[in-house]
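Architecture and fold: a report
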Amino acid sequence: MAATTFIQGFLASIGRSTLGLIASFGRVTIFLVETLSHIIRGPFYFTELGHQLLRIGYFSLPVVGLTTLFTGGALALQIYAGGARFNAESVVPSIVAIGMVRELGPVLAGLMVAGRVASSIAAELGTMRVTEQIDALTTLSTNPMKYLVVPRVVAATIVMPLLVLVGNTIGIMGGYLVGVARLDFNAATYIQNTVDFLEFGDLTSSLIKAAVFGFILGLMGCYSGYNSGRGAQGVGQATTNAVVSASVLILSVNYLLTELLFPA
Amino acid sequence: MNDIPKISLRGVSKSFGSKHVLANVDLDIVGGESMVIIGGSGTGKSVLLKCILGIMRPDAGEILIDGKSATSGDRDAFLSRFGMLFQGGALFDSLPVWHNVAFRLRQGSGRLSKTDARDLAILKLRRVGLKPEVADLYPAELSGGMQKRVGLARAIAAEPEIIFFDEPTTGLDPIMSCVINELIREIVVEMGATAMTITHDMSSVRAIADKVAMLHDGKVQWTGPIGEIDASGDPYLDQFINARAEGPIESVR
Ligand SMILES: Nc1ncnc2c1ncn2[C@@H]1O[C@H](COP(=O)(O)OP(=O)(O)O)[C@@H](O)[C@H]1O
Ligand SMILES: [Mg+2]
């Protein structure tokens, strides 16, 4: 008896969360379509876009740079250790490069910028929602989707490829520094191997991923903040939701994009 | 003779989940008059204003402006007829005071240049008793009373024909409240605007109102000219204006 009620309760809660998930998916999709429809119709707030480019892009450089630098270094050490088991230590430069450019550069930058930017967008828009600033925009004949959401989403989409370009370079440099200083690679050979091995397709796929991740984290930050619940608690919840949903989406979309861009 | 009311609410209802906030509100506001809405906290006064502005969609009922449905026609043109002072000020904290005040004038086709907008903002700030130095500060650097004045300046900047004031004196000291009340009265009279003010401050009511409407339990409980509120014979209104704990309005809500 007790067991059946427990199982029933358990199944009911699974059912409820599944329905909840589907409902949020639907709401995000509607928000996405609405955002796209405002991106293609003016007016467009270029000053706002400028602010957001600076805020999202420039100020994320240190975070992305440090993350990729250390990851590139660690990657070189691991690949060296792994390669040594097959007497293939020489693959370090090429695998670091391909791992960085195809996967780690966009994913790490995506996650770090999601943590830094999606959260702050959500907190900002959430506060604006709670303090009626979003309503005030409407009464001043300004569409908040156009004034707040579009510049943030577009800025994140533009800026992420640039950040990832820098991140890739610094990550490869991290591998290079470790390779040359700790693993006795010849500096010129290391660079030669990296450059020879990387293909143009690696780079474009990296940038496509970056742009998609930028769009996702901008969108999820805006969605969570724009639909923030009431009070300080609502804003806190919105901030958490933004980071969690953006990160999970970035990782799952990364898998899909990898399947699409590099079919096995 | 024009007897179409400026704003006319017909059977407006709004619920949040199972909570019925507005249930069949009927109200007429005559052009050029100052209507004050009173009622306890959480009775849906702010929701009512937001429904008129179209920020919230009522579940049922009709809202007419000059006899025409508020939801028909061009939304920008509709909104440009309104100015609103929000309950918490709702100033944009990323923008300096002057840009807050002149925000609407920097939008759309006939937008002003930066210098013109700033000059006009300073003019409006002076109108609400603020010095030009305030123009370049940010909202967070102002006191509550100054924020209310900036909000007031923003609401009147584009010379709207209808102005809403949501609790303009809440959280201010009595002297500042008095100043704001007088300011609202003066501005409404000199602009010839139609005004709707929400308040639970009886001194505001007496200072601002031509007509009063009391909202209770989702309906308009009483409405009439300011001169009649003391002898209305309505137990709800009597309890409210005399601030008594005993009466038909339950104190636990
Ligand atoms: N966006 C909303 N979502 C859910 N409930 C709301 C929302 N806005 C207002 N309410 C509820 O409606 C009621 C009336 O709110 P409001 O109009 O702000 O009251 P007041 O008369 O004090 O201005 C409150 O109980 C409030 O909790
Ligand atoms: Mg209110």
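Structure shown above.
These notes cover the structure that comes with them. Every chain is numbered on its own, with residues counted from 1 as its sequence reads. Chain labels run from A onward and ligand labels from 1 onward, assigned in the order the entries are written. In view of the model being predicted, local features appear only for residues whose pLDDT reaches at least 70, and side-chain atom pairs are presented and counted only at 80 or more, with totals across whole chains, interfaces and linings using the full set of residues. Water and hydrogen atoms play no part in the side-chain values, which are based on all heavy atoms of the structure.

**What to know about the overall build of chain A**
Each helix corresponds to a stretch of at least 4 residues labelled H or I by DSSP, and each strand to a stretch of at least 2 residues labelled E; elements are numbered beginning at the N terminus. Secondary structure assignment for chain A yields 9 helices and 0 strands. Going residue by residue from the N terminus, the α and β elements of chain A occur as α-α-α-α-α-α-α-α-α. With respect to the three principal axes, the spread of C-alpha positions in chain A is 65 × 65 × 35 Å. Burial status follows relative accessibility: with a 1.4 Å probe on protein chains alone, a residue under 20% of its type maximum counts as buried, one over 50% as exposed, and anything between as partly exposed. For chain A, buried positions account for 45% of its 264 residues. When checking whether two residues touch, look at their non-hydrogen atoms; a contact exists if any pair is within 4.5 Å. Look at the contacts in chain A between residues 6 or more apart in sequence, and 86% of them connect residues 24 or more apart. Accessible surface for chain A amounts to roughly 12,900 Å². Of this, 72% is attributable to carbon and sulfur atoms. Surface exposure here means Shrake-Rupley accessible area, sampled with a 1.4 Å probe, where a residue is shielded only by the protein chains that are shown.

**Description of the packing of aromatic side chains**
Any Phe, Tyr or Trp ring, taking Trp's six-membered ring, that has another such ring centre within 6.5 Å forms a pair; planes under 30 degrees apart are called stacked, those over 60 apart edge-to-face, and the others tilted. With the rule as written, the count across this model stands at 13 aromatic pairs over all chains. Centroid distance A:Phe6 to A:Phe10: 6.5 Å. Interplanar angle 10°. Geometry classified as stacked. Here A:Phe10 and A:Phe6 lie together in helix H1 (residues 2-40), a separation of 4 residues that amounts to about one turn. Here A:Phe6 falls in the exposed class, since its relative accessible area comes to 61%. Taken together, a centroid distance of 4.9 Å and an interplanar angle of 80° make the contact between A:Tyr45 and A:Tyr147 edge-to-face. You can see A:Tyr45 sitting in the loop between H1 and helix H2 (46-57) and its partner A:Tyr147 sitting in helix H6 (residues 144-181), a full 102 residues away along the chain. Here the aromatic cluster, defined as three or more aromatic residues joined through ring pairs, consists of A:Tyr45, A:Tyr147, B:Phe92 and B:Phe103. Both a distance and an angle decide whether a charge sits over a ring: NZ of Lys or CZ of Arg must be within 6 Å of the ring centre and within 35 degrees of the ring normal. The cationic tip of A:Arg102 hangs over the ring face of A:Phe262; the distance from NZ or CZ to the ring centre is 3.8 Å.

**Here's the deal with the site of ligand 1**
Consider each residue's heavy atoms; a residue with any of them within 4 Å of a molecule or strand counts as near. In the vicinity of ligand 1 lie 13 residues, with B:Lys19, B:Gly42, B:Lys45, B:Ser46 and B:Val47 positioned nearest. Surrounding ligand 1 is a set of residues that belongs to chains A and B. Identification of polar contacts relies on pairs of N or O atoms within 3.5 Å, with a donor-acceptor requirement for protein atoms, meaning one able to donate a hydrogen and the other able to accept it, and with residues adjacent in sequence counted only if both atoms are side-chain atoms. Contact between ligand 1 and B:Gly44: an oxygen atom at 3.1 Å from a main-chain N or O atom of the residue. In the model, an oxygen atom of ligand 1 is placed 2.9 Å from a nitrogen or oxygen of the B:Val47 main chain. Here ligand 1 loses 73% of its free accessible area of 560 Å² to cover by the protein chains.

**Structural notes on the coordination of the magnesium ion (ligand 2)**
Residue and element names in this part refer to chain B. Each metal's donors are the N, O and S atoms within 2.8 Å of it, or within 3.2 Å when it is Na, K or Ca, and because water is not part of the set, sites may look incomplete. Listed as protein donors to the magnesium ion (ligand 2) are Ser46 (OG) and Gln87 (OE1); their distances from the metal cover 2.0 to 2.4 Å. Of this pair, Ser46 sits in helix H1 (residues 45-53) while Gln87 sits in the loop between strand S6 (82-85) and helix H3 (97-101); the two residues are 41 residues apart in sequence, bridging distant segments of the chain. Looking at Gln87, the relative accessible area reads 32%, which means it is partly exposed.

**Some thoughts on the interface of chain B and chain A**
For interface size, the figure often reported is the accessible area lost on association. Contact residues are listed per partner, giving 20 residues for chain B and 14 residues for chain A. Summed over both partners, the accessible surface that disappears when two parts come together, traced with a 1.4 Å probe, is what is meant by buried area. By the criterion of area lost to chain A, the three top residues of chain B are B:Phe92, B:Phe103 and B:Arg104, representing 29% of everything that side buries. Within this document, salt bridges are pairs made up of a side-chain nitrogen of Lys or Arg and a carboxyl oxygen of Asp or Glu, the two lying within 4 Å of each other. Inspection of the chain B/chain A interface yields 2 salt bridges. Connecting chain B to chain A are 6 residue pairs in polar contact (both at pLDDT 80 or more). Elements represented by at least two residues in the side of chain B that touches chain A include exactly H1 and helix H2 (75-79) of chain B. Per element, the largest residue contribution to the side of chain B that touches chain A is 3 residues, and it comes from H2(B).

**Some remarks on the packing of helix H4 (residues 92-130) of chain A against helix H8 (residues 200-226) of chain A**
All names here are of chain A. Interaxial distance between H4 and H8 falls to 7 Å at its minimum, and their mutual angle equals 20°. With respect to each other, H4 and H8 are oriented roughly parallel. Here H4 runs over H8; the crossing is right-handed. The class makeup of the residues in the contact of H4 with H8 is 16 nonpolar, 6 polar and 5 charged. The angle between two axes is taken between their N-to-C directions and runs from 0 to 180 degrees, where each axis is a line fitted to C-alpha atoms and a helix contributes only its stretch in contact. Angles are sorted into four bins: roughly parallel if under 35 degrees, roughly antiparallel if over 145, roughly perpendicular if 65 to 115, and oblique for all others. Crossing chirality is assigned from the near helix's rotation relative to the far helix, an anticlockwise turn below a right angle marking it left-handed and a clockwise turn marking it right-handed. In the scheme used here, Gly and all other residues not listed as nonpolar or charged are polar, with Ala, Val, Leu, Ile, Met, Phe, Trp, Tyr, Cys and Pro taken as nonpolar and Asp, Glu, Lys and Arg as charged.

**Remarks on the pattern of salt bridges**
Residue and element names in this part refer to chain B. Enumeration over the complete set of coordinates arrives at 20 salt bridges over all chains. One salt bridge in this structure joins Arg81 and Glu161, with 2.8 Å as the shortest N-O distance. You can see Arg81 sitting in the loop between H2 and S6 and its partner Glu161 sitting in the loop between helix H5 (144-156) and strand S7 (162-166), a full 80 residues away along the chain. Under the relative-accessibility criterion, Arg81 is labelled partly exposed at 21%. The class for Glu161 is partly exposed, based on a relative accessible area of 31%. Between Arg206 and Asp230 there is a salt bridge; the shortest N-O distance is 3.2 Å.

**Re a nonpolar patch on the surface**
Residue and element names in this part refer to chain A. Together, Leu54, Tyr58, Phe59, Leu61, Leu165, Val166, Phe200 and Leu203 line one region of the surface with nonpolar side chains, adding up to about 760 Å² of accessible area. At the level of elements, H6 and H8 are the ones that each hand at least two residues to the nonpolar patch. Mapped onto the elements of the fold, Phe59 is located in the loop between H2 and helix H3 (61-84). Only residues whose relative accessible area exceeds 30% and that form no salt bridge are eligible for patches; like-charged ones are grouped when within 9 Å, while nonpolar side chains (Val, Leu, Ile, Met, Phe, Trp, Tyr) are grouped when within 5 Å.

**What to know about empty space enclosed by the protein**
Both site types are read off a 1 Å grid over the protein atoms alone. A 1.4 Å probe that fits but cannot get out defines a cavity, while an open set with protein on both sides within 12 Å along at least five of seven lines defines a pocket; lining residues have an atom within 4 Å of a point. Grid points are joined across faces, edges and corners, and a volume is the space filled by probe spheres set on the points. Following the criterion strictly, the structure yields 1 cavity of 30 Å³ or more and no others. Within this model, the largest cavity holds a volume of roughly 40 Å³. Lining the largest cavity are A:Ala136, A:Thr139, A:Leu140, B:Phe82, B:Gly83, B:Met84, B:Arg104, B:Arg154 and B:Ala155. Looking at the lining of the largest cavity, the elements with two or more residues in it are helix H5 (133-139) of chain A together with S6 and H5 of chain B. Counting residues per element, the lining of the largest cavity draws most heavily on S6(B), at 3 residues. In the lining of the largest cavity, the residues fall into 5 nonpolar, 2 polar and 2 charged.

**Some points on the layout of surface pockets**
Residues and elements named next belong to chain A. As a volume, the second largest pocket reaches approximately 810 Å³. Lining the second largest pocket are 25 residues, with Ser24, Val28, Met220, Ser245 and Leu249 sitting closest to its centre. Listing elements by their share of the lining of the second largest pocket, those giving two or more residues are H1, H8 and helix H9 (231-261). Broken down by element, the lining of the second largest pocket gets its largest block of residues, 9 residues, from H9.

**Side note on the sheet that holds strand S3 (residues 34-38) of chain B**
Residue and element names in this part refer to chain B. Here a strand pair is declared whenever DSSP counts at least two bridges between the two strands. Strand order in the open sheet made by the 6 strands is S6-S7-S8-S3-S9-S10, with mixed pairing throughout. Each edge of the sheet is formed by a strand with only one pairing partner; in this case those strands are S6 and strand S10 (219-225). Shown here is a sheet whose adjacent strand axes are inclined to one another by a mean of 15°, direction ignored. As defined by bridge partners, S3 adjoins strand S9 (residues 211-216) across 4 bridges and the pair is classed as parallel. Within S9, the residue paired with Ile37 across the bridge is Ala213. Strands in contact with H5 are S6 and S7; relative to S6, the strand with the most contacts, it is inclined by about 175°.

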